[in-house]
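# Structural features, examined
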Amino acid sequence: MKQIKGPVYRDKAGLYFEPGGFYLDPLRAVEHGIVSHAHLDHFCKGIKNVYAEAVTCRLMDLRVKGFPGQFHPSPFRTPFVVNGITVTLFPAGHVLGSSMVLIEHEGIRYLYTGDFKTTPDPTCEPFEAVAADVLICESTYADKSVTHPHESELIKQLQGLQQANVIIGAYVLGKAQRLTELLCRAFPGRQVMVHPDIIPYHHLYEHHNIVLGSWLPYDLTAFRKSDDTFFIVPPRVLTTFGRQGQFHTLMASSYAGNYSRMPLLRLSDHADWNGFEKLIAEVQPATIISIHGDGSGLSELESAHELLLH
């Protein structure tokens, strides 16, 4: 295993905190894993014991159609112990149930962000940082040139489309719910339809008192008769629609990825540079460990006394 800093290591299963014998967001079978949120690139089915916020546990179970391991749900801000190490979860603002993980060991506080964002989002718990000595942070958009557009700009972009139905690709967990809430609130006179694969996640969100608005399950007949309906679909479905001129297609993402030829609605669930400034100002770390992206720009922030890139 390759040592990153002190007791934190990274091997093929992910980030390993040796004193507690547990991994952070493991992607291979392990005995103990603390999971920050339920996106599939942050956990696997092989975790025997999962420590996560309660909604994240439910979402994991929904994502894999019955999780085989043992869940150990924990509320936010309530310390718990894993193999003798005190751990506390705080809202990361990424999706519903997403957590930053505070680990306390031998007088040092380690804060693992998972994925996070600091901008307001009515579909998940607001970001809440705490002081830590070592910050282990995702760095997807840790670049001072990156600023995500305000939702008013996204609304203006949609208003500028010529009269026709609009099909928008969105990841089924987090992005689809945030997009549904935005569309229902900003366009109260238009129908918002949702693909069947997304509906179970909408129901789970609404069960936890997240108001998404007056959305409808997809109705092919009604959709064909309409010229002002929004239809939210998983990204893989978006590519199946031909270009026949009777509707617009967009991908709700700041990152084109496999959809480079698709117009983007730049709705992001990650922090931009302003978010990183806010994170570091509130955490005040002595050391920053950058993961999931190029975090070299973070060294420019005054609080970053030491920066380790991996």
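The paragraphs below set out a description of the structure included in this document. Quantities reported herein were computed from a predicted structural model and do not represent experimental measurements. (Residues numbered from 1 in each chain as written. Predicted model: local features only at pLDDT ≥ 70, side-chain atom pairs only at ≥ 80, totals over all residues. Heavy atoms only, no water.)

### A look at the sheet that holds strand β15 (residues 216–217)
- Reading across from one edge, β15-β14-β16-β13-β17-β18 is the order of the six strands in this open sheet, with parallel pairing throughout. Taken across any chain shown, the strands that pair with only one partner, and hence form the sheet edges, are β15 and β18 (264–265).
- With five bridges joining them, strand β13 (residues 165–169) and strand β17 (residues 247–252) adopt parallel strand pairing. Counterpart to G169 in the pairing with β17 is M251.
- Across the sheet, helix α3 (residues 175–186) touches β13, β14 (192–194), β16 (230–233), β17 and β18, and the angle it forms with β16 is around 170 degrees. (Pairing = 2+ DSSP bridges. Helix = DSSP H or I, 4+ residues; strand = E, 2+ residues; numbered from the N terminus. Contact = heavy atoms within 4.5 Å. Axes fitted to C-alpha atoms, helices over the stretch in contact; angles between N-to-C directions.)

### Considering the nonpolar core
- In this structure, I168, L179 and L183 are the most contacted members of the largest nonpolar core, which totals 52 residues.
- The residues contacting L183, other than those within four sequence positions of it, are L158, I168, V192, F230 and I232. (Core = buried A, V, L, I, M, F, W, Y, C linked by side-chain atoms within 4.5 Å. Buried < 20%, exposed > 50% of the residue type's maximum accessible area, 1.4 Å probe, protein only.)

### Overview of the side chain of E138
- Topologically, E138 is positioned in strand β12 (residues 134–138).
- No salt bridge is formed by the buried E138; the nearest opposite charge belongs to K117, separated by 9.9 Å.
- Here the side chain of E138 touches T140 through a polar contact of 2.6 Å, side chain to side chain.
- Apart from the residues within four sequence positions on either side, E138 is in contact with T113, G114, D115, F116, H270, A271, F276, I291 and H292. (Lys, Arg positive; Asp, Glu negative; His and termini not counted. Salt bridge = Lys/Arg side-chain N within 4 Å of Asp/Glu carboxyl O. Polar contact = N/O pair within 3.5 Å; in protein donor to acceptor, adjacent residues only side chain to side chain.)

### Describing the packing of aromatic side chains
- Within the structure shown, the criterion is met by 12 aromatic pairs.
- Through pairs of rings, three or more aromatic residues link up here, namely F17, F22 and Y110.
- The ring of F187 carries R190 above its face, with NZ or CZ at 5.5 Å from the centroid. (Phe/Tyr/Trp six-rings, centres within 6.5 Å; stacked < 30°, edge-to-face > 60°. Lys NZ or Arg CZ within 6 Å of the ring centre and 35° of its normal.)

### Some details on the packing of helix α2 (residues 151–159) against α3
- Interaxial distance between α2 and α3 falls to 11 Å at its minimum, and their mutual angle equals 70 degrees. Between α2 and α3, the interaxial angle falls into the category roughly perpendicular. The element α2 and its partner α3 pack so that their crossing is right-handed. Contacts between α2 and α3 involve E151, I155 and L158 from the former and L182, L183, R185 and A186 from the latter. (Parallel < 35°, antiparallel > 145°, perpendicular 65-115°, else oblique. Left-handed = near helix turned anticlockwise from the far one by under 90°.)

### Comments concerning the pairing of strand β6 (residues 47–52)
- Burial within β6 is extensive, with five of its six residues counted as buried.
- The sheet contact formed by strand β5 (residues 30–34) and β6 spans four bridges and is parallel. Directly across from G33, in β6, lies its bridge partner V50.
- One crossover worth recording links β6 to the parallel strand β7 (residues 70–73) by way of helix α1 (residues 54–63), and it is right-handed. (Right-handed = clockwise from strand over helix to strand, strands pointing away.)

### Some thoughts on the environment of D269
- In this structure, D269 sits in the loop between β18 and α7 (273–283).
- Distance in space between the C-alpha atoms of D269 and F116 is 7.2 Å, their sequence separation being 153 residues.
- Residue contacts for D269: discarding those within four places in its chain leaves H94, F116, K117, D121, G174, K175 and R178.
- At 3.4 Å, the side chain of D269 and the side chain of K117 are in polar contact.
- Reaching out from D269, the side chain makes a polar contact with the side chain of R178 at a distance of 2.8 Å.

### Considering the environment of H203
- Residue position: H203 is located in helix α4 (residues 199–207).
- When its relative accessible area of 45% is taken as the criterion, H203 is described as partly exposed.

### Regarding the pairing of β5
- Across the five residues that make up β5, a large majority, four, are buried.
- Bridge count between strand β4 (residues 22–24) and β5: two bridges; the pairing is parallel. Following the sheet pairing, L24 is matched in β5 by I34.

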